[in-house]
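Examination of the molecular architecture
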Amino acid sequence: MVEAFAVASGKGGTGKTTTTLALGMALARRYDVTVVDADTGMANLLFHAGLADAPVTLQDLLAPDARGPDGAAIDVHDACYDRHGMRVVPCGTSLAGFERSDPARLREVVAELAADTDVLLLDSPATLASKSAVLPIVLADRVVVVTQPTIPALSDALKVQEYAASYGTGIAGVLFNKVRGDLGSVGAQAERYFEGPTLGSVPDSDAARAARDAGEPLLSHAPDSAAAEAYRAAAAGIEPEPKAVGDVADRFRSAVVPERP
Amino acid sequence: MTGERTPPAAAPVRERLPRGDLVGARVATEFAAPLAASLDDELTGYLRLEPGDALLGVGGSEAVLTLDSGVPVLAYDAGGDADGPAALAALAGTTPVRVERYRLSADALDPLHDPAADGSEPFRVAPGAPARELAGDDDLAERTREAAPAERRAAGGDHDALAAFLADEERVEAVRREARAEARARADEWGLGDHLAE
């Protein structure tokens, strides 16, 4: 069984990477989880996951000759790191690596990962403005929409939903992040417009910033924080739906070749 | 003119704002710049904001945002349809916007800004709300909040503008409709048309 989720917001600054790792860790208590940094243009998951020094990353897998920094041939497993109870596939940040990478190979890489996991979480680019930026949404079965309780952020979240719907991708739910005080009626009001439930409200927290600075996922760095508890509660609202492994792998393999972002 | 006689306290807030001295006017492509400039200049007075669609003569209405040392206090639209957080919700996403900056003495604004002022409550907005809801700028919102007096920082009401936005079904559906049209247009442009759902 595997279900692919894109974690997307349509805008920057919503805490999407923190959210991806937190939901991944929470879901990893029940499922075999793989987290992929699909934001190849502005990769940052490696810093959140303590993998800044990872010798091989997605960037190397996307190189046409698929060779690691030492020139040796590599495969998908070389860029997978078992961390925090999940399999993490970071993406490097070198400009040379980015320029060498062939985005067309992403679908093959993800198809291989999909064959060997229950839940695939794709940390998606913070924009909808390019073909490669929307690709995770096109490919995923459902989207977890991450937003902040503001009009601009929620407008972008609605946009993510409509893009997803246009490609036949469902909505797993909406998560309000960096929430100051009580969300009040907003969570229930939002449910009128989103095709998925409001998964929760994560308080604005110094713990999330400290975790990022420490290079640790929030649920490792501050597992008892209110934010960590809110993420665990939100993850409990996500029920992965079984898909035949072949379906997801085929979807990724048949996906169109993305252009450079 | 700051010397005009102030109408009696019982008059609606939008009729009680004295006219200030115009200190600048510009068309802004986003709300962050005029809000940041007002904060940095510690402007006491008000901004008169004329949304882009009003400039084009296709609707929208002017809004007023009062400021105390650069920190927003009251908001309303000049048409009388929306007060406080609802006025911010109506204004969100309406750039470009023409912004006129007016200066007033603190004394002239006190009768309106005083928390006990008659009828001013519905017009009040959280200090950081305009930066957050209009500009989508968390850092500016935090900077504005920190510049506000302690009692206003703790006042809450952080999500009122979003609640007003979500209560406007027609507006939200328009956002969704535009996004759907954009998604389909872009899919064709990017060669993703085959991946579109029926």
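Residues numbered from 1 in each chain as written. Chains lettered and ligands numbered in written order. Predicted model: local features only at pLDDT ≥ 70, side-chain atom pairs only at ≥ 80, totals over all residues.

1. Observations regarding the overall build of chain A
Along chain A, the regular secondary structure elements total 12 helices and 8 strands. Against the globule reference of 18 Å for 261 residues, chain A gives a C-alpha radius of gyration of 17 Å, in line with a compact fold. For chain A, the proportion of its 261 residues judged to be buried stands at 57%. Contacts spanning at least 24 positions in sequence make up 77% of the contacts within chain A whose residues lie at least 6 apart. (Helix = DSSP H or I, 4+ residues; strand = E, 2+ residues; numbered from the N terminus. Rg over C-alpha atoms; globule rule 2.2 N^0.38 Å. Buried ≥ 20, exposed ≤ 12 C-beta atoms within 10 Å, placed from the backbone. Contact = placed C-beta atoms within 7 Å.)

2. Considerations on the domain arrangement of chain B
One can read the domain layout of chain B as domain 1 (13–163) and domain 2 (168–198). For domain 1 of chain B versus domain 2 of chain B, the separation of C-alpha centres amounts to 32 Å. (Domains from an automatic or database assignment.)

3. Focus on the nonpolar core
Residues and elements named next belong to chain A. Ranked by size, the top nonpolar core spans 137 residues in total, and within it Phe5, Val143 and Tyr231 carry the most contacts. With 8 residues, helix H7 (residues 151–166) is the largest single contributor of residues to this core. Apart from the residues lying within four places of it in its own chain, the contact partners of Phe5 are Val119, Leu120, Leu121, Leu122, Ala140, Arg142, Val143, Val144 and Ala172. (Core = buried A, V, L, I, M, F, W, Y, C linked by C-beta atoms within 7 Å.)

4. Here we look at the confidence of the model for chain B
All names here are of chain B. Within chain B, residue pLDDT values average 89, and 90% of them lie at 70 or more. Across chain B, the secondary-structure element scoring lowest on mean pLDDT is helix H3 (residues 52–55), at 64, and the one scoring highest is helix H2 (residues 32–40), at 97. As a predicted assembly, this complex carries a pTM of 0.90 together with an ipTM value of 0.89. (pLDDT = per-residue confidence, 0-100.)

5. What about helix H11 (residues 226–236) of chain A?
Residues and elements named next belong to chain A. Among the residues making up H11, those that are buried are Ala227, Ala228, Ala230, Tyr231, Ala234 and Ala235. For H11, the angular spread of buried residues about the axis comes to 160°, placing them on one side. Each element contacted by the buried residues of H11 is listed here: helix H1 (16–27), strand E7 (170–179), strand E8 (198–203), helix H9 (206–214) and helix H10 (218–221). (Arc of directions from axis to C-beta.)

6. Structural notes on the pairing of strand E5 (residues 119–123) of chain A
Residue and element names in this part refer to chain A. In terms of residue burial, E5 counts as a mostly covered element, since 5 of its 5 residues are buried. Side chains Val119, Leu121 and Asp123 project from E5 onto one buried face, and the interleaved Leu120 and Leu122 project onto a second face that is buried too. Pairing between strand E1 (residues 3–8) and E5: 5 bridges, direction parallel. What sits directly across from Val7, in E5, is Asp123. In terms of strand pairing, strand E2 (residues 33–37) meets E5 through 5 bridges, oriented parallel. Bridge pairing links Asp37 to Asp123 in E5. (Pairing = 2+ DSSP bridges.)

7. Thoughts on unusual backbone geometry
In the segment running from Thr95 of chain B into Pro96 of chain B, the intervening peptide bond is cis, with an omega of 0°. Note on placement: Pro96 of chain B falls in the loop between helix H4 (85–91) and strand E5 (97–103). The phi dihedral of Lys178 of chain A is positive, around 55°, even though this residue is not glycine. Along the chain, Lys178 of chain A turns up in strand E7. With phi around 50°, Glu42 of chain B is a residue other than glycine that occupies positive phi space. In this structure, Glu42 of chain B sits in the loop between H2 and strand E2 (45–51).

8. Overview of the sheet that holds E5 of chain B
Residue and element names in this part refer to chain B. Sheet architecture is open: 5 strands sit in the order E1-E5-E2-E3-E4, paired in antiparallel fashion. Of all the strands in the sheet, the pair left with one neighbour each is strand E1 (21–28) and strand E4 (71–77). Across the sheet, the mean angle separating the axes of adjacent strands is 20° when strand polarity is ignored. With 7 bridges joining them, E1 and E5 adopt antiparallel strand pairing. (Axes fitted to C-alpha atoms, helices over the stretch in contact; angles between N-to-C directions.)

9. Quick notes on the sheet that holds E2 of chain A
Residue and element names in this part refer to chain A. Pairing in this open sheet of 8 strands is mixed, and the strands run E3-E4-E2-E5-E1-E6-E7-E8 from one edge to the other. If you trace the sheet from one side to the other, it starts and ends with strand E3 (81–83) and E8, each paired once. Adjacent strand axes in the sheet meet at a mean angle of 25°, parallel and antiparallel pairs treated alike. The pairing of E7 with E8 spans 4 bridges and is classified as parallel. Considered in E8, the bridge of Phe176 is made with Ser201. Set on the sheet, H1 makes contact with E1, E2, strand E4 (86–89), E5, strand E6 (142–147) and E7; between it and E5 the angle comes to about 170°. Sheet strands in contact with H7 are E1, E6 and E7, and its direction is about 170° off that of E6.

10. Some points on the interface of chain A and chain B
Facing the 28 residues of chain A at the interface are 30 residues of chain B. At the level of secondary structure, the elements contributing two or more residues to the side of chain A that touches chain B comprise helix H6 (131–139), H7 and helix H8 (186–191) of chain A. Looking at which element gives the most residues to the side of chain A that touches chain B, the answer is H7 of chain A, with 11 residues. Split by residue class, the side of chain A that touches chain B holds 15 nonpolar, 9 polar and 4 charged. (Nonpolar A, V, L, I, M, F, W, Y, C, P; charged D, E, K, R; others polar.)

11. Some words on the packing of H7 of chain A against helix H10 (residues 169–189) of chain B
Interaxial distance between H7 of chain A and H10 of chain B falls to 8 Å at its minimum, and their mutual angle equals 50°. Comparing their axes, H10 of chain B and H7 of chain A come out oblique. Here the hand of the crossing between H7 of chain A and H10 of chain B comes out right-handed. Residues Ser155, Leu158, Lys159, Glu162, Tyr163 and Ser166 of chain A of H7 of chain A form the contact with H10 of chain B, whose participating residues are Val175, Arg176, Ala179, Arg180, Ala183, Arg184 and Ala187 of chain B. Here the residues of the contact of H7 of chain A with H10 of chain B sort into 6 nonpolar, 2 polar and 5 charged. (Parallel < 35°, antiparallel > 145°, perpendicular 65-115°, else oblique. Left-handed = near helix turned anticlockwise from the far one by under 90°.)

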